Amino acid sequence: MRQTPLTCSGHTRPVVDLAFSPVTPYGFFLISACKDGKPMLRQGDTGDWIGTFLGHKGAVWGATLNRDATKAATAAADFTAKVWDAVTGDELITLAHKHIVKSVDFTEDSNNLLTGGQDKVLRIYDMNKPEAEPWEISGHTSAIKKALWYNNDNQILSASDDKTVRLWDRVSMTEVKTLQFGVSVSSMEYIPEGEALLITYGRTIALYNALSLDLIKSFEAPAPINSASLHPDKECIVAGGDDFKLYKYDFTTGEELESYKGHFGPVHCVRFSPDGELYASGSEDGTLRLWQTAVGKTYGLWKCVLPEELVTENSDALYNAGPEIKA
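Treat the numbers as computed from the prediction; the structure is a model and nothing was measured.

## A word on the nonpolar core
Counting residues in each nonpolar core, the largest one holds 17 residues, and the members touching the most others are V165, F181, M188, L197 and I199. Elements supplying a minimum of two residues to this core: strand 14 (144-150), strand 15 (155-160), strand 16 (164-169), strand 18 (185-191), strand 19 (196-201) and strand 20 (204-209). Ignoring anything within four residues of it in the chain, the contact list for V165 reads L157, S158, A159, K177, T178, L179, F181, V185, M188 and I199.

## Some points on the pairing of strand 8 (residues 80-85)
In terms of residue burial, strand 8 counts as a mostly covered element, since five of its six residues are buried. Strand direction decides the pairing type here: strand 7 (residues 71-76) and strand 8, joined by five bridges, are antiparallel. Across the sheet, residue A75 finds its bridge partner in strand 8, namely A81. Where strand 7 folds back on strand 8, the antiparallel hairpin that results is connected by three residues, among which F79 adopts a positive phi of roughly 65°. In this sheet, strand 9 (residues 91-96) lies alongside strand 8 in antiparallel orientation, the contact comprising five bridges. Within strand 9, the residue paired with T80 across the bridge is A96.

## Some remarks on the UniProt feature "repeat: WD" (unreviewed entry) in the protein chain
Those residues carrying the UniProt feature "repeat: WD" (unreviewed entry) are residues 53-94, 94-128, 137-178 and 260-292 in this numbering. Counted over residues 94-128, helix gives 0% and strand 57%. Its end C-alpha atoms are 13 Å apart. Segment residues 260-292 splits into 0% helix and 58% strand. End C-alpha atoms: 12 Å apart.

## Brief notes about unusual backbone geometry
Positive phi values are uncommon outside glycine, yet F79 reaches one of about 65°. With respect to the secondary-structure elements, F79 resides in the loop between strand 7 and strand 8. Phi at K120 takes a positive value of approximately 70°, unusual for a residue other than glycine. For K120, the position within the fold is in the loop between strand 11 (112-117) and strand 12 (122-126).

## A short note on the side chain of S32
Within the secondary structure layout, S32 lies in strand 3 (residues 29-34). Ignoring anything within four residues of it in the chain, the contact list for S32 reads H11, V15, D17, L18, P39, M40, A63 and L288.

## A few points about the sheet that holds strand 7
Reading across from one edge, 6-7-8-9 is the order of the four strands in this open sheet, with antiparallel pairing throughout. Only two strands of the sheet have a single partner each, and these edge strands are strand 6 (60-65) and strand 9. Going across the sheet, the axis of each strand differs from the next one's by a mean of 15°, ignoring polarity.

## So, the sheet that holds strand 5 (residues 49-52)
As summarised here, the arrangement of the four strands in space is 2-3-4-5, forming an open sheet in which the pairing is antiparallel. Strand pairing shows two members of the sheet lacking a second neighbour, strand 2 (15-20) and strand 5, which therefore form its edges. Between one strand and the next, the sheet's axes are offset by a mean angle of 20°, whatever the strand orientation. Inspection of the sheet shows strand 3 paired to strand 4 (residues 40-43) by four bridges, in the antiparallel sense.

## A closer look at the environment of G47
Among the structural elements, G47 can be located in the loop between strand 4 and strand 5. For G47 and I31, which are 16 residues apart along the polypeptide, the C-alpha to C-alpha distance reads 9.9 Å.

## Considering the pattern of salt bridges
Tallied over the entire structure, the rule returns 13 salt bridges. One salt bridge connects E136 with R123, and the closest N-O pair in it is separated by 3.2 Å. Pair noted here: E136 is in strand 13 (residues 135-137) and R123 is in strand 12, with a separation of 13 residues, a long-range link. Its relative accessible area of 5% is what places R123 among the buried residues.

Thresholds, definitions, all that
Counting restarts for each chain, with residues numbered from 1 along the sequence as it is written. Two thresholds apply to this predicted model, a pLDDT of at least 70 for residue-level local features and 80 or more for giving and counting side-chain atom pairs, whereas whole-chain, interface and lining totals are computed over all residues. With hydrogens and water set aside, each side-chain value is computed from the structure's full complement of heavy atoms. Only buried residues count toward a nonpolar core. Its members are Ala, Val, Leu, Ile, Met, Phe, Trp, Tyr and Cys residues joined through side-chain atoms within 4.5 Å. In this scheme, a residue with accessible area under 20% of its type's maximum is buried, one over 50% is exposed, and one in between is partly exposed, where area comes from a 1.4 Å probe on protein chains only. What counts as a helix is a DSSP run of H or I of at least four residues, what counts as a strand is a run of E of at least two, and both are numbered from the N terminus. Between two residues, a contact is recorded if the distance between any of their heavy atoms is within 4.5 Å. Each pair of strands is called paired provided DSSP finds at least two bridges between the two strands. UniProt positions are given in the numbering used here, feature names are shortened, and annotations may be inferred rather than shown by experiment. Structural elements are reduced to axes, namely lines fitted to C-alpha atoms, with helices fitted over the stretch in contact, and the angle between N-to-C directions of any two is expressed from 0 to 180 degrees. Each salt bridge in this description consists of a side-chain nitrogen of Lys or Arg and a carboxyl oxygen of Asp or Glu lying within 4 Å of one another.

Written as structure tokens, this is what we have:
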């Protein structure tokens, strides 16, 4: 059956980052970061627009939601990270930086925010005392692309243009381990429940054991990859990159299961939803697209359409069954 993505329009520049919230009592949500400086919040299963966070004066490079989707955080080229009320859309906190901010991540309890960016420094802010000076961790020799809380928020993982991914101890603020790469890392996804870490660089998609940081497996894509995401149940990996295509790979064998073009520009970010039923992609073309993991299933705005012969057979069966069933 044919994959029919849902297109989420509204942004006017390239979409460079996206994040899903976990499942909440109100469903799950999707936030997108865009160079138009206007991050957007959407319903995660349908892509329906909920609201736009207005206040940044430059491109937004990173966006995330906290665990219960009540707060959002964004990282921008205006040298700030901002924290927002994700229910009302109000700006709550502005955190001034010395250079472009690229990455933001909440702790599980939402009490701390981690930032990283062009000035090569990791910063930890206390959300209960945002005016206080942040804790700072230095060591990278080039811009930080992504910074994530790790290992129950006891550690931090950061990816940089210095071609390294580094693990830091939160208390001592010292480097615990370094992974060295031949080229700059393009994306990094941490799945605590699956104890997995997914890293992309060049054309390579690599899966690491999250506890030991040992390489489990890696495989090559046909084009440079900008982002990859692991299915919550480790069924498959999806990836997107410079050739405008999305690729799906078998988790166990690394075999390419399918590929398709839906965007009209390079794919910058891709993420599975928390229930694993869909994945979202953001592109240079200014759109987000939602794709079904199992094509043909009734889910969200997708409706299962039975093949014509099945519909005919079912109609005949109903007719022959008599008036009780038809009624």
